[in-house]
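Geometric and topological summary
Given next are the chains, with one letter for each unit.
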Amino acid sequence: MLRVLIIFSDPPSPDRKRLRLDKEDRTISDIARRFSASVALEKQQASRIEDIHTLLIEKTYDVIQFSGHGDPRGLYLEKSDLESDGDLVSSKRLQSLMSIPEFPPRLVVLLSCYSNESLIQLSQTAPFVISAVDNVDDACCVEFVGAFYERLFAGFSIKNSFQHSLYVMKAKGIPCESFRLDRRVLLHKDGRQMVETFPDPHRDSIWVDLSQVSHLLNKLGYPEEEILHLISKKLSIHRWIFDIPRERCIIPIGRLLFGEFAWEDPHDLVFCTRIMKLKADVSAKHWEVWHRLLVAYNDLASSEYRAVPNPAGEESRATLNRAVNLFAHYNKRYILPAREDVAALGFADCLPYIEFVITHCEQAVDQFSLERYPQVVKALEEALTNFHELVDGLLPPEAVKIVD
């Protein structure tokens, strides 16, 4: 579910004309209505800073949009006493607001004049920021939000939706030069070596920071351009594993290369902390078994129950149920069939881990049927721990240690 908050504010002032925010409101609401199964839209009219503060304490949002008047110093909100001119909220104050939620928004949209002046501050709290460069009029804003949200609510990425909106406006002969999309990593990439990767064509790309390993790339026996291409195009990974912070995630890169990655903000930078090369004589079967189990482990380690505040609470029952079913499915599809393969490869010491994973997955199913949710979480975590030991135990040998 995409959670969207639109904040409207047009305080009266003798120096500013009133905005047609009603047209913008109607346009977004009509689109959201057609995608109500996947989009939750909230709106706050005549917004005061107290209103926004309350909303952001109570809920989290994926997209937050400000629509109203602005100038190079900030945005105008209503004053508590509804006096004229409104409350000019600086970009620093906006940043403080955006920092309130435990999970900050993925995208902030600033549809006010000169809102790009707030980029430096807001880029510290949201990985994507859409803003207006100069003085942008009502008609342009309405056309932009119509084309943008039509695409975004349909499930396309932020970047794709933004480009689509510009194409639509150009086709209609409407000026679109005032709108810009910035990514945090693009604003702060100087001095870093980064590569953009595309695990899912329907979602936004991910930027991998190679700064910690860039000086080692020429020791791998491949042209640097080929390694960068492999990282960009061939990561054996499902995009959703980035939805959970990880400290040490091993991801295959092609056939003999693999890397160790870490990330905190799932929508920001992913850091490559180590890069390794397997021995050339690793058997195809060994690679196949390890690779299959590694991808399965990464998927389960990113189960959504691990991201909720209280996975054992009654309010998380549906999430926990999905996790139990997912673990049971992976147990049947990947773990059980691996018994014979692991034994045939000569990794008898890894067989107990397989049995432990099987046992704990079955326990999770039993405990869920008894509605003993803390025990369910414990069983799932035990299954993950043993799954991790299994993957580590099957890790193919490295050709050389790539060190300084």
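Residues numbered from 1 in each chain as written. Predicted model: local features only at pLDDT ≥ 70, side-chain atom pairs only at ≥ 80, totals over all residues. Heavy atoms only, no water.

1. A short note on the overall build of the protein chain
- Counting secondary structure elements, the protein chain contains twelve helices and 15 strands.
- Taking all 404 residues of the protein chain together, 51% fall into the buried category.
- Intrachain contacts of the protein chain at a sequence separation of at least 6 include 64% that bridge at least 24 residues.
- Summed over all atoms, the accessible surface of the protein chain reaches about 18,900 Å², with 51% contributed by carbon and sulfur. (Helix = DSSP H or I, 4+ residues; strand = E, 2+ residues; numbered from the N terminus. Buried < 20%, exposed > 50% of the residue type's maximum accessible area, 1.4 Å probe, protein only. Contact = heavy atoms within 4.5 Å. Areas by Shrake-Rupley, 256 points an atom, 1.4 Å probe, with all protein chains shown as cover.)

2. Topic: the nonpolar core
- Grouped together as the largest cluster of nonpolar side chains are 44 residues, with contacts concentrated most on Leu293, Leu380, Phe387 and Leu394.
- Among the elements of the structure, β14 (270-278), α9 (284-301), α10 (317-344), α11 (351-369) and α12 (373-393) are those that each provide at least two residues to this core.
- Broken down by element, the residue count for this core peaks at ten residues, all from α12.
- The contacts of Phe387, once residues within four sequence positions are left out, are Leu293, Ala296, Tyr297, Leu300, Ile335 and Val357.
- Leu21, Ile31, Ala32 and Ile130 belong to the second largest nonpolar core, which has 32 residues in total. (Core = buried A, V, L, I, M, F, W, Y, C linked by side-chain atoms within 4.5 Å.)

3. Overview of the sheet that holds strand β7 (residues 107-111)
- Taken in spatial order, the six strands of this open sheet run β2-β1-β3-β7-β8-β9, and their pairing is mixed. Edge positions in the open sheet fall to β2 (39-44) and β9 (179-183), since each of these has one partner strand only. Across the sheet, the axes of successive neighbouring strands diverge by a mean angle of 15°, strand direction being ignored.
- Strand direction decides the pairing type here: β7 and strand β8 (residues 128-132), joined by three bridges, are parallel. Within the sheet, the bridge partner assigned to Val108 lies in β8 and is Val129.
- In this fold helix α6 (residues 158-171) packs onto β7, β8 and β9, with an angle of close to 165° to the strand it touches most, β9. (Pairing = 2+ DSSP bridges. Axes fitted to C-alpha atoms, helices over the stretch in contact; angles between N-to-C directions.)

4. Focus on the pattern of salt bridges
- Scanning all chains against the criterion turns up 15 salt bridges.
- Where Asp392 meets Arg248, a salt bridge forms, and the shortest distance between an N and an O atom there is 3.7 Å. Placement of Asp392 in helix α12 and of Arg248 in strand β12 (residues 246-253) is noted, with a sequence separation of 144 residues between them.
- Exposure remark for Arg248: the relative accessible area of 36% places this residue in the partly exposed category.
- What emerges from the salt-bridge pattern is a single network uniting Lys285, Glu288, Arg292 and Asp341. (Salt bridge = Lys/Arg side-chain N within 4 Å of Asp/Glu carboxyl O.)

5. Description of unusual backbone geometry
- Non-glycine residue Glu371 carries a positive phi angle of around 60°.
- Tracing the backbone shows Glu371 in the loop between α11 and α12.

6. As for empty space enclosed by the protein
- The final tally for this structure, using the stated rule, is four cavities of 30 Å³ or more.
- Around the second largest cavity sit Arg246, Arg248, Cys249, Ile250, Leu294, Tyr297, Asn298, His388, Val391 and Asp392, which together line it.
- Listed by contribution, the elements that provide at least two residues to the lining of the second largest cavity are β12, α9 and α12.
- Ranked by residues supplied to the lining of the second largest cavity, first place goes to β12 with four residues.
- Of the residues belonging to the lining of the second largest cavity, the class tally is five nonpolar, two polar and three charged. (1 Å grid on protein atoms, 1.4 Å probe; cavity = no way out; pocket = protein on both sides within 12 Å on 5 of 7 lines; lining within 4 Å. Points joined across faces, edges and corners; volume = space filled by probe spheres on them. Nonpolar A, V, L, I, M, F, W, Y, C, P; charged D, E, K, R; others polar.)

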